[in-house]
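# Observations on the three-dimensional arrangement
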Amino acid sequence: MAERSFKKEVEELRAGAGETFTGEGILALTKALLENGVGYVGGYQGAPISHLMDVLADAQELLGELDVRFEANASEAAAAAMLAASVHYPIRGAVTFKGSVGVNVASDALANLSSSGVTGGAVVIVGEDYGEGSSIMQERSHAFAMKSQFWLMDPRPNLPSIVKSVGDSFELSEASNTPVMLMVRIRSCHVTGSFECSDNQRPALTVRDALSNPQKDWNRVVLPPMSFAHEQDKINTRWPNAVQHIIDKGLNEFFGPKEGELGIICQGGMYNGVIRALQRLGLADIYGNTEIPLYCLNVTYPLVDSEVLRFAAGKKAVLMIEEGQPEFIEQSLSTIFLRSDLKVKLHGKDVFPMAGEYTGQVMFDSISEFLRLNAPGLLPDKMRAPNQPPPEIPDLSKTVPIRPPGFCTGCPERPIFAGLKLAQEELGTHQISADIGCHLFAALPPFEIGGATMGYGLGPASNAAFDGGGERRAISIIGDGGFWHNGLSSSIGNMVFNKSDSVAVIVDNYYSAATGGQDILSSRADNPTKSTNNPIPKALKGIGVEWIRHIDHTYDVGRMRDVFREALTTDYDGPKVIVASSECMLNRQRREKPLRNKAIKDGQRMEIPRFGVDEDICTGDHACIRLSGCPSLSVKHLDDPLRDDPVAAIDQTCVGCGNCGEVADAAVLCPSFYRADVVHNPGGFERWWTGVSTRVITWLQTRRETRRLTFMEVPQ
């Protein structure tokens, strides 16, 4: 169950020639694939490209009508391997995943694909995840394109350019027999706009047709001596063909006057920021007309030397705007200028920061500095003076807390780590590794469990060095998404093969939750197009794990603590795996809320649990918060002069999971937590009984208050 359904928007993908499509970048990419006769699509979800997989999943009926094969792949490596269909057959194929981790996972398949080359157009749509909005390490996909000689597209971030780039990518791939990486940045994925549609195209050769006439060419097999020939083919044939195609089709764009003493070269994805900065400087208008020549690289690899030299000829200075590091393109430009003996001053990372996202202010300040150094007359009068040191900005990091990610309200993973924390209080601190996924948030307060992660599905593998025995057993955490992605073989299989004495915890929340709630093999939903309900314990037994404990209700903190204690103290010396299962609360709420609201609207009786804290009983030590950390748990001050310390409180965001009460009970904290069932559409007897109870309670409260006031008025 993905976090968002695109079933309604998918119907708009049927639009034909002459119609205007309006929507966001992800939908535009899907429409462009259909318009360009794609034969098969696949991929793996990951920010910021997850929604593309969700759209494709919701569009399977339309894909079926066009004879387009869709595969929700088990990993990025499986997706990249799928492009093998375009090696021998003239079929256009596309896969999508997150960069740069997706590219890293898929690197073996991508390297082989690039070596053998392709017959049909092969496109990898990479969601470039860089900058403050990133959810992962700060790296670029550009390095991999250079390493394996993929051609890299980086279109301007507007829908017409993005749509055009899909067709350009397929054509460039076919013209040069080379796979193409199409990079769409975070903002490109979610930008909204419109474009003029073309008709959807059935692939000229479908995968069904190809099966009827199998093809093979041993010259494309990556084995010596063919692999040596592949390298020569890349340099002598594919690269020149790609460069010529880029020139002939005008894939890179030139804006502004043809002549000028200055010039700006930018990645396509940086175009909007560049134009906005020039607008603020009075050097461009709202339509993008610029007074400074601008060379926009919609293809950032390979560079076209002749275009670069033609643009730079006669200019005093050129600015290369390249987000991220290292400065691959800038270094290439330096080489091009040096070899051609072109005397032009090249600026880039000297005026721009080496690393970090090029926000609007960064773009404005850096372009201003470039102009100040080379043509101050183009700047407004007040900006022509030498660059003054910026005003000192106070260091707020010491006073304003950071805002790292955390578990959602009611998250079923929270009690897992509460149980582990209680077990460690009894048995001592253990070596704990984590994995990619929601459970990684446990490394932060209040749990502070797990301090390392080496990749998706590699949590237990990253603890392998500690499997040799010691005073305490090592513990590793892995999610169900990571387990099916890579962990079954690389982590759990590794533990079995090496007779590990460690403990692995598989956090089973029924979905690939951190990427948007997509179904996986062990999901308990009935998916009409995918195989679900495949139990994790069954897979564990299949590869030789003998010690397995499966908890199907993680909110039982006491049970979680006891199972951890058992795993850490048992005499069994093989791999010990705990499968902790409870449905992701976000997905559960998405599934249940509409049904519940409809039932209430239809007049059906519904009970909704809510939890609270009895202010008279709460001692105010807040141990419950330190063991739970739920966002709905907070503190409040009482209007009582005898109680200065704030007490625990539960706000209206509570989803009634009961974790706070379970934690309090397991840790023997206090009995101040209570549960109240809110009844919607109660029956007649319930309404009568509620009225009677309310009157009795009101009478008792009034009598008590009267006695209290009377006592206070009596002279002591």
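## Description of the environment of Leu-110
Mapped onto the secondary structure, Leu-110 falls in helix α8 (residues 107-116). Look at Leu-110 and you get buried, because its relative accessible area is 0%. For the pair Leu-110 and Pro-179, spaced 69 residues apart in sequence, the C-alpha separation works out to 8.7 Å.

## Digging into a negative patch on the surface
Taken together, the side chains of Asp-616, Asp-639, Asp-640, Asp-644 and Asp-645 present a region of like negative charge at the surface. Following the sequence through the fold, Asp-616 ends up in the loop between β22 (606-613) and α23 (623-628). Owing to a relative accessible area of 67%, Asp-616 belongs among the exposed residues under this scheme.

## Overview of the sheet that holds strand β21 (residues 576-581)
The strand order across the open sheet formed by 5 strands is β15-β16-β17-β21-β20, and the pairing between neighbours is parallel. The sheet terminates laterally at β15 (432-433) and β20 (547-551), the two strands that pair on one side only. Relative to strand β17 (residues 503-508), strand β16 (residues 475-479) runs parallel, the two sharing 5 bridges. Residue Ile-477 lies in a different strand from β17, and its bridge partner there is Val-505. Sheet contacts for helix α19 (residues 480-497): β16 and β17; angle to β16, the most-contacted strand, approximately 145°.

## A few points about helix α22 (residues 585-601)
Relative to the 24 Å expected for 17 residues at 1.5 Å per residue, α22 spans 23 Å between its end C-alpha atoms, a close match to the ideal helical length. A maximum bend of about 30° is found in α22 at Glu-592, where proline Pro-594 lies one to four positions downstream. What α22 keeps buried is the set Met-585, Asn-587, Gln-589, Arg-596 and Ala-599. Residues of α22 that are buried in the fold lie against β18 (511-512) and β22. Immediately beyond the C-terminal end of α22, within one or two residues, lies Gly-603, with a positive phi of roughly 90°.

## Looking at the nonpolar core
Formed by 74 residues in total, the largest nonpolar core has its most connected members in Val-41, Phe-97, Leu-110 and Ile-125. With 7 residues, the single largest contributor to this core is helix α2 (residues 25-35). Setting aside residues up to four positions removed in sequence, Val-41 forms contacts with Leu-33, Leu-56, Leu-63, Val-68, Arg-69, Phe-70, Glu-71, Met-82 and Ala-94.

## A short note on a nonpolar patch on the surface
Where nonpolar side chains cluster on the molecular surface, the patch consists of Trp-218, Val-221 and Leu-223 and spans about 330 Å² of accessible area. Secondary-structure assignment places Val-221 in the loop between α12 (207-212) and α13 (226-249).

## So, the sheet that holds strand β13 (residues 317-321)
Strand order across the open sheet formed by 5 strands is β9-β11-β10-β13-β14, with mixed pairing between neighbours. Each end of this open sheet is capped by a strand with a single partner; those strands are β9 (253-255) and β14 (345-347). Each adjacent strand pair in this sheet contributes to an overall mean axis angle of 20°, direction not counted. One ladder, built from 5 bridges, connects strand β10 (residues 262-267) with β13; its direction is parallel. Bridge pairing links Ile-265 to Met-320 in β13. On the sheet, helix α16 (residues 328-340) packs against β10, β11 (294-297), β13 and β14 and is oriented at approximately 175° with respect to β14. Contacting β10, β13 and β14, helix α17 (residues 360-374) crosses the sheet at an angle of about 165° to β13.

## Observations concerning the pattern of salt bridges
Going through the model one piece at a time under the given rule, you end up with 34 salt bridges. Asp-67 is paired through a salt bridge with Arg-202; the nearest N and O atoms lie 3.5 Å apart. Of this pair, Asp-67 sits in the loop between α4 (60-65) and β3 (69-72) while Arg-202 sits in the loop between β8 (192-196) and α12, and the two are 135 residues apart along the sequence. We classify Asp-67 as partly exposed; its relative accessible area is 28%. Close ionic contact of Arg-549 with Glu-566 constitutes a salt bridge, the shortest N to O distance being 2.9 Å. With Arg-549 in strand β20 and Glu-566 in helix α21 (residues 557-569), the pair connects residues that are 17 residues apart, well separated along the chain.

## A few points about the pairing of β21
Taken across its 6 residues, β21 has 6 buried, putting it largely inside the fold. Of the two faces of β21, the one lined by Lys-576, Ile-578 and Ala-580 and the one lined by Val-577, Val-579 and Ser-581 are each fully buried. In this structure, β20 lies alongside β21, joined through 5 bridges in parallel fashion. Paired with Ile-548 across the two strands is Val-577, which belongs to β21. Handedness of the crossover is the feature at issue here: the chain leaves β20, passes through α21, returns alongside β21, and the resulting connection is right-handed.

## Description of the packing of helix α10 (residues 159-176) against α13
Angle between the axes and distance between the axes: these two values describe a pair of packed helices. Put simply, α10 and α13 touch, their axes get as near as 8 Å, and they point 140° apart. Overall, the two elements α10 and α13 adopt an arrangement that is oblique. Viewed along their axes, α10 and α13 form a crossing whose handedness is right-handed. Judged by residue contacts, Glu-171, Leu-172, Ala-175 and Ser-176 of α10 engage Arg-238, Asn-241, Ala-242, His-245, Ile-246 and Lys-249 from α13. Here the residues of the contact of α10 with α13 are counted per class, giving 4 nonpolar, 3 polar and 3 charged.

## With respect to the packing of aromatic side chains
The final tally for this structure, using the stated rule, is 18 aromatic pairs. Centre to centre, the rings of Phe-685 and Trp-688 are 5.8 Å apart; their planes meet at 35°, and the pair counts as tilted. Pair noted here: Phe-685 and Trp-688 are both in helix α25 (residues 684-713), with a separation of 3 residues, about one helical turn. Both rings, one in Trp-688 and one in Trp-689, keep their centres 6.1 Å apart while their planes meet at 45°; by these two values the pair is tilted. Trp-689 gets classed as partly exposed once you look at its relative accessible area, which sits at 47%. Ring pairing ties together the aromatic residues Phe-407, Phe-417, Phe-441 and Phe-447, which thus form one cluster. Over the aromatic face of Phe-311 sits the side chain of Lys-315, whose NZ or CZ is 4.5 Å from the ring centroid.

Procedures and definitions
- Residues numbered from 1 in each chain as written.
- Predicted model: local features only at pLDDT ≥ 70, side-chain atom pairs only at ≥ 80, totals over all residues.
- Heavy atoms only, no water.
- Helix = DSSP H or I, 4+ residues; strand = E, 2+ residues; numbered from the N terminus.
- Buried < 20%, exposed > 50% of the residue type's maximum accessible area, 1.4 Å probe, protein only.
- Patch = residues over 30% accessible without salt bridge, like charges linked within 9 Å, V, L, I, M, F, W, Y side chains within 5 Å.
- Areas by Shrake-Rupley, 256 points an atom, 1.4 Å probe, with all protein chains shown as cover.
- Salt bridge = Lys/Arg side-chain N within 4 Å of Asp/Glu carboxyl O.
- Lys, Arg positive; Asp, Glu negative; His and termini not counted.
- Charge placed at Lys NZ, Arg CZ, Asp CG, Glu CD.
- Pairing = 2+ DSSP bridges.
- Contact = heavy atoms within 4.5 Å.
- Axes fitted to C-alpha atoms, helices over the stretch in contact; angles between N-to-C directions.
- Expected span 1.5 Å × (residues − 1).
- Bend = angle between axes of the 7 residues up to and from the residue.
- Core = buried A, V, L, I, M, F, W, Y, C linked by side-chain atoms within 4.5 Å.
- Right-handed = clockwise from strand over helix to strand, strands pointing away.
- Parallel < 35°, antiparallel > 145°, perpendicular 65-115°, else oblique.
- Left-handed = near helix turned anticlockwise from the far one by under 90°.
- Nonpolar A, V, L, I, M, F, W, Y, C, P; charged D, E, K, R; others polar.
- Phe/Tyr/Trp six-rings, centres within 6.5 Å; stacked < 30°, edge-to-face > 60°.
- Lys NZ or Arg CZ within 6 Å of the ring centre and 35° of its normal.

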